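# Inside the fold
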Amino acid sequence: MTKFGVAQSVRRVEDPRLLKGNGSYTDDISVPGTLVGVVLRSPHAAAKLLSIDTASAKALPGVVAIYTGADLEADGIGGLPCAAAVKNRDGTPQATPPHPVLAVGAVRHVGDPVAFIVAATTEAARDAAEAVTVEYDILPSITDLATALDDGSPLVWDSVPNNRAFDWDIGQKDETEKLFKSAAHVTRLTVVNNRIVVSSMEARAAHAEYDAKTERWTLRTNTQGGWLLKDLLSSAVFKTPADRFRIITPDVGGGFGMKIFLYAEHVMCCYAARKLGRPVKWTSERSEAFLSDTHGRDNITLGEVAIDADGKLLALRTRNVANMGAYLSTFAPYIPTYAGTGVLASIYGFKAVYANVIGVFTNTVPVDAYRGAGRPESNYLVERLIDAAARELKIDRIEFRRRNIVPPEMMPHKTPVGKTYDSGDFRILLDAGLKTTDWAGFEARRAASAKKGLRRGIGLAYYLEATGGAPTERAEIQFTDDDFVDVFVGTQSTGQGHETAYVQLTVEKLGVPPEKVRVKQGDTDRIPTGGGTGGARSLYSEGQAILLTANSVIEKGKKAASEALEAAPADIVFEDGKFSIVGTDRAMDIMTLAAHQRVRAQKGEDVTTLDAAEVANIDAHTFPNGCHIAEVEIDPETGVVRVVRYSVTDDVGKAVNPLIVRGQVHGGVAQGFGQAVLEHTAFDPDSGQLLSGSFMDYALPRADDLPDIEVDLIEVPCASNPLGVKGAGEAGAVGSPPAVINAIVDALSVDGVTHIDMPATPEKVWQTIATAKAA
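Anyway, here's the lowdown on the structure attached to this text. (Residues numbered from 1 in each chain as written. Predicted model: local features only at pLDDT ≥ 70, side-chain atom pairs only at ≥ 80, totals over all residues. Heavy atoms only, no water.)

## Topic: the overall build of the chain
Each helix and strand counted, the chain has 19 helices and 30 strands in total. A globule of 775 residues ought to have a C-alpha radius of gyration of about 28 Å, and the chain, at 28 Å, matches this closely. If one aligns the C-alpha atoms of the chain with their principal axes, the spans along those axes are about 90 × 75 × 50 Å. When burial is assessed residue by residue, the chain has 59% of its 775 residues classed as buried. Summed over its atoms, the accessible surface of the chain is roughly 29,300 Å², and 51% of this surface lies on carbon and sulfur atoms. (Helix = DSSP H or I, 4+ residues; strand = E, 2+ residues; numbered from the N terminus. Rg over C-alpha atoms; globule rule 2.2 N^0.38 Å. Buried < 20%, exposed > 50% of the residue type's maximum accessible area, 1.4 Å probe, protein only. Areas by Shrake-Rupley, 256 points an atom, 1.4 Å probe, with all protein chains shown as cover.)

## Some remarks on the side chain of Gln597
With respect to the helices, strands and loops of the structure, Gln597 is situated in helix 16 (residues 590-602). Taking relative accessible area as the criterion, Gln597 reaches 0% and is therefore assigned buried. A polar contact is formed between the side chain of Gln597 and the backbone oxygen of Thr608, at a distance of 2.8 Å. Once you skip the residues sitting within four places of it in the chain, Gln597 turns out to touch Ala560, Glu563, Ala564, Val607, Thr608 and Thr609. (Polar contact = N/O pair within 3.5 Å; in protein donor to acceptor, adjacent residues only side chain to side chain. Contact = heavy atoms within 4.5 Å.)

## Re the sheet that holds strand 28 (residues 625-634)
If you walk across this open sheet you meet the four strands as 20-28-29-30, and the pairing is mixed. Unpaired on one side and paired on the other, strand 20 (455-464) and strand 30 (709-713) mark the two borders of the sheet. Taking the axes of each pair of neighbouring strands and ignoring which way they run, one obtains an average angle of 15° across the sheet. Relative to strand 29 (residues 641-651), strand 28 runs antiparallel, the two being bridged by 10 bridges. Each residue of the ladder has a partner; that of Glu631, found in strand 29, is Arg645. Strands strand 20, strand 28, strand 29 and strand 30 of the sheet are contacted by helix 12 (residues 426-436), whose axis makes an angle of about 145° with strand 29. (Pairing = 2+ DSSP bridges. Axes fitted to C-alpha atoms, helices over the stretch in contact; angles between N-to-C directions.)

## Re the packing of aromatic side chains
Under the defined criterion, the tally for this structure stands at 15 aromatic pairs. For the pair Trp217 and Phe238, a centre-to-centre distance of 4.7 Å together with 45° between the ring planes defines the contact as tilted. Here the residue Trp217 occupies a position in strand 11 (residues 216-221), and Phe238 occupies one in the loop between helix 6 (226-237) and strand 12 (245-248), the gap between them amounting to 21 residues. Classification of Trp217 by relative accessible area gives buried; the value is 2%. In this structure Phe238 comes out as buried when scored by relative accessible area, which is 9%. Where Tyr421 meets Phe623, the ring centres are 5.0 Å apart and the plane angle is 55°; that geometry is what we call tilted. Of the two residues, Tyr421 is situated in strand 19 (residues 420-421) and Phe623 in the loop between strand 27 (612-617) and strand 28; the sequence distance between them amounts to 202 residues. (Phe/Tyr/Trp six-rings, centres within 6.5 Å; stacked < 30°, edge-to-face > 60°.)

## A short note on the pattern of salt bridges
Summed over the entire model, instances satisfying the criterion amount to 52 salt bridges. Between Asp298 and Arg195 there is a salt bridge; the shortest N-O distance is 2.8 Å. You can see Asp298 sitting in the loop between strand 14 (295-296) and strand 15 (299-307) and its partner Arg195 sitting in the loop between strand 8 (185-193) and strand 9 (196-197), a full 103 residues away along the chain. Accessibility classification places Asp298 together with Arg195 in one group, the buried group. (Salt bridge = Lys/Arg side-chain N within 4 Å of Asp/Glu carboxyl O.)

## A few points about unusual backbone geometry
The peptide bond linking Met411 to Pro412 adopts the cis configuration, its omega dihedral lying at -5°. Mapped onto the secondary structure, Pro412 falls in the loop between helix 11 (397-404) and strand 18 (413-414). For the bond running from Met758 to Pro759, omega is -10°, close enough to zero to count as cis. Relative to the elements of secondary structure, Pro759 occurs in the loop between helix 18 (731-748) and helix 19 (762-774). A positive phi is found at Lys239, a non-glycine position, where the angle reads about 50°. Within the secondary structure, Lys239 sits in the loop between helix 6 and strand 12.

## Description of the side chain of Ser292
Turning to its location among the elements, Ser292 is positioned in helix 8 (residues 286-292). Among the residues examined, Ser292 registers a relative accessible area of 11% and is labelled buried. At 3.3 Å, the side chain of Ser292 and the side chain of Arg204 are in polar contact. Reaching out from Ser292, the side chain makes a polar contact with the backbone oxygen of Glu288 at a distance of 2.8 Å. With sequence-adjacent residues up to four places away left out, Ser292 is seen in contact with Arg41, Arg204, Tyr263 and Glu265.

## A look at the nonpolar core
Core analysis: the largest hydrophobic core is formed by 78 residues, its most contacted members being Tyr348, Phe426, Tyr646, Ile741 and Ile744. At eight residues, the largest contribution of residues to this core is made by helix 18. If sequence neighbours within four positions are ignored, Ile741 has contacts with Tyr380, Arg384, Ala676, Ile756, Met758 and Ala760. Among the nonpolar cores identified, the runner-up in size contains 42 residues, and Phe4, Val485, Ala545 and Ala561 belong to it. (Core = buried A, V, L, I, M, F, W, Y, C linked by side-chain atoms within 4.5 Å.)

## Some remarks on empty space enclosed by the protein
Evaluated as defined, the whole model comprises four cavities of 30 Å³ or more. Its volume calculated, the largest cavity comes out at about 230 Å³. Along the wall of the largest cavity there are 25 residues; nearest its centre are Leu80, His99, Tyr263, Ser292 and Pro366. Breaking the lining of the largest cavity down by element, the ones donating at least two residues are helix 7 (264-276) and helix 8. Taken together, the residues of the lining of the largest cavity sort by class into 13 nonpolar, seven polar and five charged. Reported here for the second largest cavity is a volume of approximately 120 Å³. Residue lining of the second largest cavity: 16 residues in total, with Thr301, Asn320, Leu344, Glu377 and Ser378 positioned closest to the centre. When contributions to the lining of the second largest cavity are tallied by element, the ones reaching two or more residues are strand 15, strand 16 (313-325), helix 9 (335-341), strand 17 (352-361) and helix 10 (375-393). (1 Å grid on protein atoms, 1.4 Å probe; cavity = no way out; pocket = protein on both sides within 12 Å on 5 of 7 lines; lining within 4 Å. Points joined across faces, edges and corners; volume = space filled by probe spheres on them. Nonpolar A, V, L, I, M, F, W, Y, C, P; charged D, E, K, R; others polar.)

What follows is the structure, given as structure tokens:
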């Protein structure tokens, strides 16, 4: 195995370029003649749009154009589509009201785009935005998910009764009801999965150019894969052939699901660039991101588990009310339905599962996928229920889990919601996690903390993830004139370390020098198809495509070597980066052979070159899983929660780069901790204003909020792909919220606390203690 082979903890090859400031992000793009766009947004959560007067603003120096929804409608520009519709339980379609690029007739959340101002400078565009006069008729708004379905609540859309976007279900309803009736015990729990502002390090941006001669756009923007945008812009918005769009994605500073989607600003820039014949650029400010980026989570879920007299789980029943915001974002309905419910059975042997999901419109920013995309919400519910059930039954929470875990001898295991786990040894990971954290010695640590006046608790959550994404992926390997190996991929790195992992796979398979491998991504002209990045799919999807393409390179190389070495193809073998004739010392390394054949081809000779491209069918997804254990100390006088120890024992299948895997887990845990303890998205119930609209009011985790995170990797190879890998990008964010909250509840059990909702801020913890004591 070489230094850069699979399973090596190789440092990321992209880091020197990025750390030295040589990254190139969307906002860095500078094209002569570029104009700047600024979006005028609604200050109201709900209002009729009576008039927009742009005359004074257009007269200001530097202002080139101002566009409104009426302008786009007149030019036949379509709205933003929902690409993942679901059906109601009765088979009728979901409610899909229009999502205009710029508001027409009404605004439906604070931040709703009203006008697009294009000017020579950012300052001139901002001045013009302030000079636009908009007349609103302010209406009552609804931002509270808990009451949005109630009769009498304000309607976001007059055409959608009770704000119900859809009423969807999955599972065995009758069998579930039967098992609940026969159960010896039923545990019920309602949990809040709080709304998250995604807060990627790099804000969204777009830079559009239009070539009138070719009638083509070039849109440079920070996406998680440009192919989706290309398809939606062409088919739904501009109603033109897809080949009229070229999407280029430069370096991206974080995405977490939020940068997958088609946004209004993409359309505005493309529209203005065509109208004006000049490049148009827009870059979000941080305060603007709070009001225009899709948010995450925001569910209220009732969960119930039926248990027999032996403490065995029989059935799970859930009713999830999921906030869609004011409009349906690109994949919004899919997230709480198919994505979220697919892992409800988790690692446990439920005989039946029934899930009802109700999508709800509110006067808030649209909600869509955020790291984990539905799976963290379901895992949170299940692991909170498991702890609650064990407490009610007076069964040790570890013993209760062991009693109900699906054993490895049952693999492959088909769940009641139709997923088939190909592999997994959950008990081994559970036992390893308990040993790592010295679970057995915890009570002594609890007593030591109590002497200091602190509450100490330990919490465990066993998560199971289901990766997702496009059903195919493409790779291309090209040997270049400057003696490099270019690997073209259909995924998109947003900071995960893709370049390093793909170099490792290429080096392992082809034996080329790692410094000679260049990973190319993010250009829909050069890379015709791609599934993008999301659902923790990149390594197992693109990895399979690279493997398939490398095999094609080797087969072509054998034929090319037979030509170059004047031997029969059957006599050529490939090993350690060299093609050789069996039984002789005659050989050519792959780089030399590729260059030799390329030169001959350039001279017009009919020879075999080594370049290859393949599309891999992704026939099955993967199920990473693991055990998270959190240990917390709480000051009962202030309600402050401090995580003093955190461990993760993960099964991500074969780890191509354990160093990168651990880094991904660290980041996910930090985000999950943030949701559990810090991140509170608050709206004023009367005005609908976002009260936590900046980092002064919205708390993100910092380095000193977390201890060192211990990550142990136990490899249970995936049986459904040739690499044996499972997704790792989202796992940390899936297991951490229930582990932390279970630890907090354990710490406060001495005060009679049995439940607390996220985020467990100091105020909420203090109030929970006080309420429990008063009871």
